[in-house]
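Each chain, letter by letter, is given below.
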Amino acid sequence: MNDFNLILRLLIIHSVVSLIFGFTNLTKHVKKNKIQSKWLYISSAIYSLSLYLVSSSWFDFWILPLGFIAHSLAYLLMIPKNRNLINFFASQILLGFSLVAIWLLLTGNDLSLIFSFIKILWSSSSVLLITLGFIVLIWPSGYIIGVATEPLRKQIKEARGLEKAGLWIGILERTLIYIFVLSDNVMAIAFLITAKTIFRFGEIKDHSRRKEAEYILIGTLFSFFFALLIAYLIKYFLGWE
């Protein structure tokens, strides 16, 4: 059995089944009735049966209870009153562990294979440098930009837009620029600038919101500057001239 082929099949069926369930009212029913919901158990049975079928390992019936329990627990994790990403990622990590466990048991591999892969990544200067760049872009850069533009922000009388939207826009645009530079797709940055200009055209055109438009422009230039600076520094240290 091709080890890589098996994990791909498990991941594909996991994604497909989860996608199908996501387009139904299943979550609402489970959220309302929790462990008393019949659809919790029906969906878990379908999920575990799908894993069993794609594994093509007909005598390994233990896949059925393992997949059933993992999916049931994961679904219950995803349905608190207030949805949040922590619960979602916790449920996906749980399902991910179950898929890895199935893969390890069916292929005869052990955890040393995974640890060896992690060790290779951990000892790779390229991976560590690229990861460092991502981390610097997300937090220190955002903090510096926030402190630098705070006096300007205070000049805007009324806060508009979604709370923390600027923070997430900044993180995403810096991340995209970072990826574009490292992948030698610098021209794609022009499309990013164009898209942001189109969406911000209202603030730029409205003279009554000039301060807000100037604040956004300064913040954007700061964000682009840090993203380009860090991306090219990482690229230089990687030797990707």
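Structure first, text after, so check above.
These figures come from a predicted structure and were not determined experimentally.

Peer 1: Can you tell me about the packing of aromatic side chains, naming the residues and giving the values?
Peer 2: As enumerated under the stated definition, the model contains 8 aromatic pairs in all. Taken together, a centroid distance of 6.3 Å and an interplanar angle of 15 degrees make the contact between Y41 and F68 stacked. Separated by 27 residues along the polypeptide, Y41 in helix α3 (residues 38–55) and F68 in helix α4 (residues 63–77) bring together distant segments of the chain. Y41 gets classed as partly exposed once you look at its relative accessible area, which sits at 36%. Accessibility expressed as a relative area gives 27% for F68, which makes it partly exposed. On the numbers, 5.7 Å between centres and 70 degrees between planes, the contact of F225 with F226 is edge-to-face. Clustering of aromatic rings is evident, with ring pairs tying together Y52, W58 and F61.

Peer 1: Describe in detail the nonpolar core, supporting the description with residues and values.
Peer 2: Counting residues in hydrophobic clusters, the biggest one holds 24 residues, and the most contacted among them are L10, L51 and Y75. Secondary structure elements with two or more residues in this core: α1 (3–22), α2 (26–33), α3, α4 and α5 (85–107). Apart from residues no more than four positions distant in its own chain, L51 is found in contact with L10, I13, I63, G67, L99 and I102.

Peer 1: Outline the packing of α3 against α5, supporting the account with residue identities and numerical values.
Peer 2: Between α3 and α5, the least distance of the axes is 12 Å, while the angle of their chain directions is 30 degrees. Judged on the interaxial angle alone, α5 and α3 are roughly parallel. At the point where α3 passes α5, the crossing takes the right-handed sense. Contacts from Y47, L51 and S55 of α3 reach α5 at L95, L99, I102 and L106. For the contact of α3 with α5, the class distribution of residues is 6 nonpolar, 1 polar and no charged.

Peer 1: Report on α3, specifying residues and quantitative values.
Peer 2: Across its 18 residues, α3 extends 26 Å between first and last C-alpha, which sits within 8% of the 26 Å expected from 1.5 Å per residue. Considered for burial, the residues of α3 that qualify are L40, S43, S44, Y47, S48, S50, L51, Y52, V54 and S55. In this fold, the buried residues of α3 make contact with α1, α2, α4 and α5. Structurally, the start of α3 carries an N-cap: the backbone nitrogen of W39 is 3.3 Å from a side-chain oxygen of S37. Phi turns positive one or two residues past the end of α3, at S56, with a value near 55 degrees.

Conventions adopted
Residues numbered from 1 in each chain as written. Predicted model: local features only at pLDDT ≥ 70, side-chain atom pairs only at ≥ 80, totals over all residues. Heavy atoms only, no water. Phe/Tyr/Trp six-rings, centres within 6.5 Å; stacked < 30°, edge-to-face > 60°. Helix = DSSP H or I, 4+ residues; strand = E, 2+ residues; numbered from the N terminus. Buried < 20%, exposed > 50% of the residue type's maximum accessible area, 1.4 Å probe, protein only. Core = buried A, V, L, I, M, F, W, Y, C linked by side-chain atoms within 4.5 Å. Contact = heavy atoms within 4.5 Å. Axes fitted to C-alpha atoms, helices over the stretch in contact; angles between N-to-C directions. Parallel < 35°, antiparallel > 145°, perpendicular 65-115°, else oblique. Left-handed = near helix turned anticlockwise from the far one by under 90°. Nonpolar A, V, L, I, M, F, W, Y, C, P; charged D, E, K, R; others polar. Expected span 1.5 Å × (residues − 1). Polar contact = N/O pair within 3.5 Å; in protein donor to acceptor, adjacent residues only side chain to side chain.

Any functional reading would require information beyond the geometric quantities listed.
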